[in-house]
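# Understanding the architecture of this molecule
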Amino acid sequence: MVGGGGMGGGLLENANPLIYERSGERPVTAGEEDEQVPDSIDAREIFDLIRSINDPEHPLTLEELNVVEQVRVQVSDPESTVAVAFTPTIPHCSMATLIGLSIKVKLLRSLPQRFKLDVHITPGTHASEHAVNKQLADKERVAAALENTHLLEVVNQCLSARS
């Protein structure tokens with residue numbers, strides 16, 4: 001689909017991305033259904049939250065493009081920390097900040113406020129990883145980005161279920 005573009009329109013940067021198989025759904029255990037048992041948040045739960053985020057350029061999920069993987073999610077429920085490393089499909093991906101912002105917004109909307117989030121590019125996988133990581137780590141910049149109605153609309157499209 002060269003030339004059509006995804007949510008941003010225009011030419012595709014990575015017109016023929018590799019597509020990976022989706023992992024299976026996690027079975028729900030009896031302990032998870034028991035409301036009396038504390039249920040800590042783990043890496044698989046975080047991965048399940050972000051795996052179906054839509055890529056802004058392709059009609060595929062971040063999991064299908066291998067942008068997110070469970071092995072790059074780290075959680076410490078007792079310390080209330082979540083770290084997600086994501087890998088853009090190409091080293092000069094102009095959508096990297098938008099992808100990171102979408103992951104961060106999904107987690108901010110889904111997790112208890114006690115969690116400190118660290119969403120960053122997998123080291124060595126993007127030409128501007130330090131600049132993108134700095135933007136994603138800056139709470140004021142993230143808040144300002146989400147006040148931009150156009151940008152928020154694009155993020156919401158990434159987070160919406162595909163029909």
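Check the entry above for the structure.
Residues numbered from 1 in each chain as written. Predicted model: local features only at pLDDT ≥ 70, side-chain atom pairs only at ≥ 80, totals over all residues. Heavy atoms only, no water.

Moving on, we get to the environment of N54. With respect to the helices and strands, N54 occurs in the loop between helix 2 (43–50) and strand 1 (73–76). Considered as a pair, N54 and S102 are 48 residues apart in the sequence and their alpha carbons are 8.9 Å apart. From its side chain, N54 meets the backbone oxygen of S160 in a polar contact 2.6 Å long. (Helix = DSSP H or I, 4+ residues; strand = E, 2+ residues; numbered from the N terminus. Polar contact = N/O pair within 3.5 Å; in protein donor to acceptor, adjacent residues only side chain to side chain.)

Take helix 4 (residues 129–137) next. Within helix 4, burial applies to E129, V132, N133 and L136. Within helix 4, the buried residues cover an arc of 100° as seen down the axis, which keeps them to one side. Seen from the buried face of helix 4, the exposed residues on the opposite side, beyond 90 degrees, are H130 and K134. Buried positions along helix 4 lie against strand 2 (81–86), helix 3 (96–110), strand 3 (116–121) and helix 5 (139–147). (Buried < 20%, exposed > 50% of the residue type's maximum accessible area, 1.4 Å probe, protein only. Arc of directions from axis to C-beta. Contact = heavy atoms within 4.5 Å.)

The next thing to look at is the pattern of salt bridges. Oppositely charged side chains can pair when the atoms bearing their charge come close. Under the criterion given, the structure shown has five salt bridges. A salt bridge links R44 to D48, with the shortest nitrogen-to-oxygen separation between them at 2.8 Å. Remark: D48 and R44 occur in helix 2; sequence separation between them is four residues, near one turn of the helix. The exposure class assigned to R44 is buried, which follows from its relative accessible area of 15%. Relative accessible area serves as the criterion here: at 25%, D48 is assigned to the partly exposed category. The shortest N-O distance in the salt bridge between E69 and R72 comes to 2.2 Å. Looking at E69, the relative accessible area reads 25%, which means it is partly exposed. The exposure class of R72 is buried, given its relative accessible area of 17%. Several salt bridges share partner residues, and in doing so they unite R44, D48, R51 and E63 into one network. (Salt bridge = Lys/Arg side-chain N within 4 Å of Asp/Glu carboxyl O.)

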